[in-house]
Amino acid sequence: MEKFNRSKWVNLLLVAVTISSTFLGLAGTRQVGAQEEISVDFWTAPQAVQYNLWTERANAFNETNTEIDGKVIRVNVQQMPETPSSEAGIQNAIATGTAPAVSENVNRGFASILAASDVVYDISQEDWFKEVVEARQMEEALENWAIDGAHYVLPVYVNPMVWQWNVKGLEALGLDAAPETVAEFQAAMVAFGENKDALAEVGVTHSFYRPSLSRPDQYWDRWFDFQMIYNAISQAKPILEDNQLVMDKQDAIDSLNVIGMFGNSVQLGELASVWIEDNPSVLVTINAPWEITLYEEYGKVYGEDFVYGPALVREEGDTPYNYADSKGLSFYKTSNISEEQHLGAVEFVKWVFNAENSAQSDLEWLEATAMLPVRGDINENELFNDVLEQYPALAALADWVPYSIPGLATDKDPDIWTAFTEVATAPYLNEMTNVEPGNAPDATPYIEAAIEAMKQAAEVE
Amino acid sequence: MTQRKSSNKRHNTVGWILNSPYLIYTIIFFLLPLGWALVLSMMDWNLMSPDQTFVGLQNFTDLFKDARVQAAFINSYRYLIPIVLLCFTFGLIIAILVSKLPNKIKGFVAVLFFIPYLTSGVATSVVVKYFFNYNSIFNIFLRETFGLNINWLTDERYAFWVMVGIVAWKMSGYYALFILSGLENIDGDIHEAAALDGSQGLHKLFHITIPMLMPTLTTVLVLATGLAFGIFTEPFLLTGGGPNMSTTTWQLEIYNASFTRFDSGYGAAMAIANAIQIFVTLRIINYFTDKLNKKFGY
C-alpha cells in the first residue's frame, strides 16, 4: 500500500514537471493554428505615452506577419516596472530570468553597467544598425555613445540640458537675453543682489531652484547641473578616460563656482511647480524638456514667460557643450531569451527605424512625447517643421543637440556622482548660502575632496 | 505500548501536516532568503553579471569604513530614542483619554486614532511635502508673522525632527490600541481599592496603572524599537537621507546600495549587519524590561 502511494506521488510529480516544462518550452515559441510564432517581449518606459506609442507600433508590425525561418514574429509590449526604479526593474528581470528581448529607457551610464555585466548585445557591427544610423543621420551623435569602442544602445531621444530663465526676471535685471558667458552670468547674479525690490515686483524671490544639491540619492541631478556646466566650461574635456579620472581640476572648480555664485539667493525649499505658477518665484532653473507640453497646457509662452539659455562658456565664441539627457534601446543577452527571440526583436526595431519608416517613426515620437528624437536632420527635415513650429521651445533646444554629451561610460556612474554630491555640492551649499549672489566662495577644497572621493567611488586612479 | 507509540506517531504526523503551511511559508519566505542573503553578502555581484566574485568577509569589513553605514548605525539610535518616547507617551495619553470616554463612542474614537497607521507612508509623505513646501500656507504664515524662513527638509536641524514627527504621528494611535486594551483589562476593583487608599491622579497613574500595564508596555516598547529600525518611506520620499546623511537609515542605504548603485553583495552585507544590530538592541531592551517586569511581579 505504502509502495503504491509512493509511486503515485512520484507519478504526480512527473506529471507536474512535464506540464511545467511544456509551458516553459512554449514561452518563446508558440503554435497558433498552423503557424508557429516567435514571441518577443518589448519593455517600454513606465510612462503611458511611450507604452501607447510602442503598442501601436508593435500592432502595426505584427500585422506585417514578418517571419524568421517560417515562424511569425509577435511583439508583446509591456511597461517596465517603475518601482523601485526602471533600472532596478531591469536588474530584477535579468536576475530572475524574465528579461525582455529589448527595452527602451537605457541611458549610457546604465548601458555601461549592463555591458560590464555582459547582458546586452554589442550592435556596433550589425549591418541593420549601420543602416539605421545612416537613415537617421546620427553618426555625429553616436560618437558620444560609444562604450569602449562598442555600441550597446540605439539612442531614441535626446534632451539637451541647459538653463531655463524667467523672462520677467531677466527684464527686471535689465537684461534682454539670457547670459551666455560666465562673466555675463556673474554680472547677472550681482545685479540680482542689487535689484531684489524690482525682482519682487515680478514675483521673483530666489535666483536658482535646486534642493537636490544636498541630496546624494538624487545623484542624477549632478548630470544636469554640474556636468552640464563642466562640459561647457571645459569645452567637452572628459571626466573619465581609460580607467582614470581625468576631470580637469581648474575647470571643475570654475564649474562649482558657477553654482556658488547663486549664493544665499538659492532656493533649497521644496516648490510644488516652478514654471506653471502665474509668477514663477525663481530667476533660473535647469530646464525640464519633458515639461514643455505641460507649459503649453498652462498657457506659458516660450520667449515671453521662459527662455532657454545656453550652457555658460568661459569666452564668447566657445562652443556651448551641454549634457545630453538621452536614452535608447538595448537588446538583452540573457539565458531566457532565445536566438530566435533576439532576431525577432531586431526585426521589429529594424522595421521601426529603417530608411523607409524612421522619419515617420521619429515624427510620431516627437508628436507623442515632445522630446527630440536623435536625428541629424531634425532642423532640416520638413517633416518635423510643424511640430517644431508648435513648440518653439523644442526648436530652440534642437539647436544645441549637436553639442550634447551623454553621461559617463562607466558602471560606477551612480557611485561617482553620489560621492561628488556628498563631498562637494552638499557641504559647499553650507558655505555658499552665507554669501551674497555673485560672490562664490572658493570651491577648490571641495573639488579636491571630490576628486579623491570620485576616484575611490569609481575604483580608478 | 506498541499501540501508544503508533498513536504518538500518528499525532506527530497530524501535527506536522497541520503546521506544514506555516513551515513551508517560513522556509520559502524566511530561511531561503536569509541563506541567500548570507551567500550574496560574501560576493561582489550585481545580480546580473555572470561573474560572481567571492570576496569572503570583505563586504563586512568595508562596512566599518563606510560613512553612510556609520550614519545609518548612529541614526537608528537617534531615531529610536525620540520615536519610542513619543509613541509611548502619546500612546499612553490617547489610551487613557479614550478609556474615559462613554462606551458608545469609545470604539469609534479609537478607530479615528488608528487611521494614521492605515494611511500609506507615500500618501503621508506627499502631504507632508506640500505642508513644508516653501510656498505652503504654514511657511508663508511663519515668514510673514515671525520672519522665520525655514527649509524644513533641507536643513539638518529640522529635517530629522520632521521625520520623527511623521513616524510618531502615524504610530501613536496604533500603540494606543494596545495600551487601551491593557487598560480595559485592569480590574475595576483595583482602581476602587487604590481610591480607598487615597491614590488619585498622577499618583495612581505611576503607582497603579503603569505597573499594571507593564506587559503591554513591554510589547509596545519592542514594537516601537523594531519600527525605529525599519524607517524607509519617509526619508526616501522627503530627504533622500540628507542633508548630510542626518536622516538616513539602514533601509535607505540598503536600497541605495542594491538598487541605485547595483552593489547587491554589499547591500546584502548591510542588511545582515542591520539584522545583527536589531537583534542585539532588542536583547538588551528585553533584558531590562524582563527585570522591570519581574520587579512588578510579572
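What you see is a predicted model, and the numbers here were worked out from it, not measured in a lab.

Cut-off values and rules
- Residues numbered from 1 in each chain as written.
- Chains lettered and ligands numbered in written order.
- Predicted model: local features only at pLDDT ≥ 70, side-chain atom pairs only at ≥ 80, totals over all residues.
- Helix = DSSP H or I, 4+ residues; strand = E, 2+ residues; numbered from the N terminus.
- Rg over C-alpha atoms; globule rule 2.2 N^0.38 Å.
- Buried ≥ 20, exposed ≤ 12 C-beta atoms within 10 Å, placed from the backbone.
- Contact = placed C-beta atoms within 7 Å.
- pLDDT = per-residue confidence, 0-100.
- Domains from an automatic or database assignment.
- Nonpolar A, V, L, I, M, F, W, Y, C, P; charged D, E, K, R; others polar.
- Axes fitted to C-alpha atoms, helices over the stretch in contact; angles between N-to-C directions.
- Parallel < 35°, antiparallel > 145°, perpendicular 65-115°, else oblique.
- Left-handed = near helix turned anticlockwise from the far one by under 90°.
- Pairing = 2+ DSSP bridges.
- Expected span 1.5 Å × (residues − 1).
- Bend = angle between axes of the 7 residues up to and from the residue.
- Core = buried A, V, L, I, M, F, W, Y, C linked by C-beta atoms within 7 Å.

**Thoughts on the overall build of chain A**
Move 1: Check the secondary structure of chain A and you find 18 helices and 16 strands.
Move 2: Taking 23 Å as the expected radius of gyration for a compact globule of 461 residues, we find that chain A reaches 25 Å, a close match to that expectation.
Move 3: With the C-alpha coordinates of chain A rotated into their principal frame, the extents come out at 95 × 55 × 40 Å.
Move 4: Each of the 461 residues in chain A was classed as buried or not, and the buried ones make up 49%.
Move 5: Counting contacts in chain A only where the partners sit at least 6 residues apart, residues at least 24 apart contribute 80% of the total.

**Observations regarding the confidence of the model for chain A**
Move 1: Here chain A averages 90 in pLDDT, while 93% of its residues score no lower than 70.
Move 2: Of the regions scoring below 50 in pLDDT, residues 17-27 of chain A engages in zero contacts with residues more than four places distant in sequence or in other chains.

**As for the domain arrangement of chain A**
Residues and elements named next belong to chain A.
Move 1: When its domains are assigned, chain A resolves into domain 1 (9-159 + 325-403) and domain 2 (161-324 + 410-458).
Move 2: For domain 1 and domain 2, the distance between their C-alpha centres works out to 33 Å.
Move 3: Of the residues lining the interface, 19 residues belong to domain 1; the matching set on domain 2 comes to 20 residues.
Move 4: Taken together, the elements giving at least two residues each to the side of domain 1 that touches domain 2 come down to helix H4 (108-116), strand E6 (154-161), strand E14 (322-331) and helix H16 (392-398).
Move 5: Broken down by element, the residue count for the side of domain 1 that touches domain 2 peaks at five residues, all from H16.
Move 6: Broken down by class, the residue content of the side of domain 1 that touches domain 2 amounts to 13 nonpolar, five polar and one charged.

**Here's the deal with the interface of chain B and chain A**
Move 1: On the chain A side, the residues contacting the 25 residues of chain B number 27 residues.
Move 2: Broken down by secondary-structure element, the contributors of at least two residues to the side of chain B that touches chain A are helix H5 (121-131) and helix H12 (250-260) of chain B.
Move 3: Within the side of chain B that touches chain A, the residues separate by chemical class into 11 nonpolar, 12 polar and two charged.

**Overview of the packing of helix H2 (residues 48-63) of chain A against helix H14 (residues 358-369) of chain A**
Residue and element names in this part refer to chain A.
Move 1: It is the contact of H2 with H14, at a shortest axis distance of 10 Å, that shows an interaxial angle of 150°. For the element pair H2 / H14, the angle class is roughly antiparallel. Helix-helix and strand crossings are classified by hand; for H2 and H14 the assignment is right-handed. Two secondary-structure elements touch here, H2 through Val49, Gln50 and Leu53 and H14 through Glu364, Trp365, Ala368 and Thr369.
Move 2: Here the residues of the contact of H2 with H14 sort into four nonpolar, two polar and one charged.

**So, the confidence of the model for chain B**
Move 1: Mean pLDDT over chain B: 90, with 98% of residues reaching 70 or higher.
Move 2: For this predicted complex, the interface score ipTM comes out at 0.75, while the overall pTM is 0.81.

**A look at the pairing of strand E7 (residues 163-166) of chain A**
Residues and elements named next belong to chain A.
Move 1: Of the two faces of E7, both are covered, the one formed by Trp163 and Trp165 as well as the one formed by Gln164 and Asn166.
Move 2: As defined by bridge partners, E7 adjoins strand E12 (residues 282-286) across three bridges and the pair is classed as antiparallel. Within E12, the position partnered with Gln164 by the bridge is Thr285.
Move 3: Sheet topology note: the E7/strand E13 (residues 306-309) ladder contains four bridges and is antiparallel. Of the residues in E13, the one forming a bridge with Trp163 is Gly309.

**Some remarks on helix H4 (residues 103-118) of chain B**
All names here are of chain B.
Move 1: For H4, spanning 16 residues, the distance from its first C-alpha to its last is 23 Å, which sits close to the expected 22 Å at 1.5 Å a residue.
Move 2: At Leu112, H4 shows its maximal bend, which comes to roughly 25°, and the proline Pro116 appears one to four places after that position.
Move 3: With respect to burial, H4 is a largely exposed element, only one of its 16 residues being buried.

**Focus on the nonpolar core**
Move 1: Phe42 and Leu256 of chain A together with Met270 of chain B are the most contacted members of the largest nonpolar core, which has 197 residues in total.
Move 2: Broken down by element, this core gets its largest block of residues, 13 residues, from helix H7 (residues 156-184) of chain B.
Move 3: Apart from the residues within four sequence positions on either side, Phe42 of chain A is in contact with Trp54, Ala58, Val75, Asn76, Val77, Pro100, Ala101, Val102, Ser103, Ala345 and Phe348 of chain A.

**A short note on the pairing of strand E4 (residues 71-79) of chain A**
Residue and element names in this part refer to chain A.
Move 1: Where strand E2 (residues 35-44) and E4 come together, eight bridges link them in parallel fashion. Bridged to Phe42 within E4 is Val77.
Move 2: With two bridges joining them, strand E3 (residues 67-68) and E4 adopt antiparallel strand pairing. Bridge pairing links Glu67 to Val72 in E4.
Move 3: Taken together, E3 and the strand that follows it, E4, pair antiparallel across an intervening segment of two residues, in which Asp69 is found at a positive phi of about 50°.

**As for unusual backbone geometry**
Move 1: Cis peptide bonds are those with omega within 30 degrees of zero, and the linkage from Gly242 of chain B to Pro243 of chain B qualifies with -10°.
Move 2: Residue position: Pro243 of chain B is located in the loop between helix H11 (233-238) and H12.
Move 3: Its identity as a non-glycine residue notwithstanding, Asn65 of chain A has a phi of 50°, on the positive side.
Move 4: Positionally, Asn65 of chain A belongs in the loop between H2 and E3.
Move 5: The class of Asn65 of chain A is exposed, set by 11 C-beta atoms lying within 10 Å.
Move 6: A positive phi angle, close to 75°, is found at Leu47 of chain B, a residue other than glycine.
Move 7: For Leu47 of chain B, the position within the fold is in the loop between strand E1 (43-44) and strand E2 (53-54).

**Regarding the environment of Ala48 of chain A**
All names here are of chain A.
Move 1: With respect to the secondary-structure elements, Ala48 resides in helix H2.
Move 2: For Ala48, a count of 10 C-beta atoms within 10 Å translates into the label exposed.
Move 3: As a C-alpha pair, Ala48 and Ala172 span 124 residues in sequence and 40 Å in three-dimensional space.

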